[in-house]
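Coordinate analysis (summary)
Residues per chain are reported as follows:
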Amino acid sequence: MTDTDSSRAADTGEKKPFDLGTGPGRVLVWFYGVFTVAAASRSIVQMILDFGRAPLAYVLSAVAALVYGFITYSLVRGGERARRTALVCCAAELAGVLIVGTWTLAEPSAFADATVWSDFGAGYLLIPAILPVTGMIWLRRARTA
């Protein structure tokens, strides 16, 4: 929203749209951006160097990178449609973390190498498990603001 749009909204008494990338949302954008780069870099290098060793793990890391990237884009873009899309992606991310995390604990032999979501993101200080919950809380709050 531009300054002109803000002043126009104030003049007409309209509610100013909530900017997803401000306040705590800025921290989420930063974390999701870092995780996009980390997961994408990891998966690309692993797929190029040794794809046959653990294709499932490397593809899951690439999927995580795509999800992180899309959430980052949605948070930066802003608007109600982007908020709803990011909320769905955060829910999908949380499901991925829970499914892959449980799977890696129940059947470690299924993964020849770790993914971003292995052991609920333990290799990344559990941030992959915390991030979607935090994102969903922020995005739900953004709806009511």
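Read on for a plain summary of the structure.

1. Looking at the overall build of the protein chain
In terms of regular secondary structure, the protein chain is built from five helices and zero strands. For the protein chain, the α and β elements follow one another from N to C terminus as α-α-α-α-α. For the protein chain, the proportion of its 145 residues judged to be buried stands at 39%. Considering only contacts within the protein chain whose residues lie at least 6 apart along the sequence, 67% involve residues at least 24 apart. With the model as given, the accessible surface of the protein chain reaches about 8,100 Å², and the carbon-plus-sulfur share is 66%.

2. Some remarks on the pattern of salt bridges
Counted according to the given criterion, the structure contains three salt bridges. Here Asp 113 ties to Arg 53 by a salt bridge, and the two come within 3.1 Å at their closest N and O atoms. With Asp 113 in the loop between helix H4 (80–106) and helix H5 (127–144) and Arg 53 in the loop between helix H2 (24–50) and helix H3 (55–77), this residue pair connects regions lying 60 residues apart in the sequence. Given a relative accessible area of 45%, Arg 53 falls into the partly exposed group. One salt bridge connects Arg 83 with Glu 80, and the closest N-O pair in it is separated by 2.7 Å. Of this pair, Arg 83 and Glu 80 are both found in helix H4, three residues apart, which corresponds to roughly one turn of the helix.

3. Describing the packing of aromatic side chains
The tally for this structure, following the rule as stated, stands at six aromatic pairs. With 5.6 Å between their ring centres and 55° between their planes, Phe 35 and Tyr 124 make a pair best called tilted. Here Phe 35 is found in helix H2, whereas its partner Tyr 124 is found in the loop between H4 and H5, with 89 residues between them in sequence. Taking the relative accessible area as the measure of exposure, Phe 35 reaches 6% and is therefore buried. Between Trp 103 and Phe 111, the ring centres sit 4.9 Å apart and the planes meet at 75°, which makes this aromatic pair edge-to-face.

The rules we used
- Residues numbered from 1 in each chain as written.
- Predicted model: local features only at pLDDT ≥ 70, side-chain atom pairs only at ≥ 80, totals over all residues.
- Heavy atoms only, no water.
- Helix = DSSP H or I, 4+ residues; strand = E, 2+ residues; numbered from the N terminus.
- Buried < 20%, exposed > 50% of the residue type's maximum accessible area, 1.4 Å probe, protein only.
- Contact = heavy atoms within 4.5 Å.
- Areas by Shrake-Rupley, 256 points an atom, 1.4 Å probe, with all protein chains shown as cover.
- Salt bridge = Lys/Arg side-chain N within 4 Å of Asp/Glu carboxyl O.
- Phe/Tyr/Trp six-rings, centres within 6.5 Å; stacked < 30°, edge-to-face > 60°.

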